[in-house]
Amino acid sequence: MLKNLDPLLNADILHALRAMGHGDEVVICDANFPADSVARATVTGTLLRMDGVDSARAVRAVLSVLPLDTYVEAPAMRMEVVGDPQALPTVQREAQREVDQAENRPVPFASIERHAFYARARKAYCVIATGETRGYGCFIFTKGVMLAPDAPLDAGGARTGG
């Protein structure tokens with residue numbers, strides 16, 4: 001065990017999250033997602049697992065160490081419900097609360113049609129499968145940067161780098 005580290009973050013997941021760079025994407029998916037076949041096409045080429053936990057709990061664990069990208073319009077994405085793209089199932093509302101809490105601000109999910117989600121997931125850095133049994137517990141997060149307090153500022157007053 002390590003201090004101040006979510007115990008769901010096993011060595012393989014920590015390695016992948018640490019190795020990711022600014023703009024790389026991580027997929028957190030439910031038990032219905034074709035995780036193994038999709039993961040084979042990712043940068044890591046292997047499926048990472050958080051068995052026995054739901055999607056919201058996995059999101060909390062990952063975002064406890066992963067900053068979301070502030071340079072893109074949608075650093076948090078969700079799979080759309082087929083036939084009802086505006087629907088927000090309970091699993092997605094729970095995950096939304098975890099995202100907002102981790103970022104200390106609202107970061108609304110952008111929605112992605114199911115097949116477009118699969119295609120984007122294949123280009124991700126890694127896929128983390130959960131034990132989530134509810135449908136549509138599938139999310140993509142874009143890694144941001146963590147800058148030193150003395151990092152230079154751009155013309156708009158934002159820290160630069162990454």
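Scroll up a little and you will see the structure.
The model shown is predicted, which means the values in this text are computed figures rather than measured ones. (Residues numbered from 1 in each chain as written. Predicted model: local features only at pLDDT ≥ 70, side-chain atom pairs only at ≥ 80, totals over all residues. Heavy atoms only, no water.)

Caption draft 1: Quick look at the pattern of salt bridges. Within this structure, the stated rule accounts for eight salt bridges. E98 is paired through a salt bridge with R60; the nearest N and O atoms lie 3.2 Å apart. Note that E98 is positioned in helix α4 (residues 90–103) and R60 in helix α3 (residues 55–63), a separation of 38 residues in sequence. (Salt bridge = Lys/Arg side-chain N within 4 Å of Asp/Glu carboxyl O. Helix = DSSP H or I, 4+ residues; strand = E, 2+ residues; numbered from the N terminus.)

Caption draft 2: Spotlight on the side chain of Q92. Here Q92 shows up in helix α4. On the basis of relative accessible area, Q92 is assigned to the buried category, the value being 1%. Among the polar contacts made by the side chain of Q92, one reaches the main-chain carbonyl oxygen of Y136 at a distance of 3.0 Å. Residues within four places of Q92 in sequence aside, it is in contact with R78, M79, A87, F109, Y136 and F139. (Buried < 20%, exposed > 50% of the residue type's maximum accessible area, 1.4 Å probe, protein only. Polar contact = N/O pair within 3.5 Å; in protein donor to acceptor, adjacent residues only side chain to side chain. Contact = heavy atoms within 4.5 Å.)

No statement about biological role is implied by the geometric values presented.
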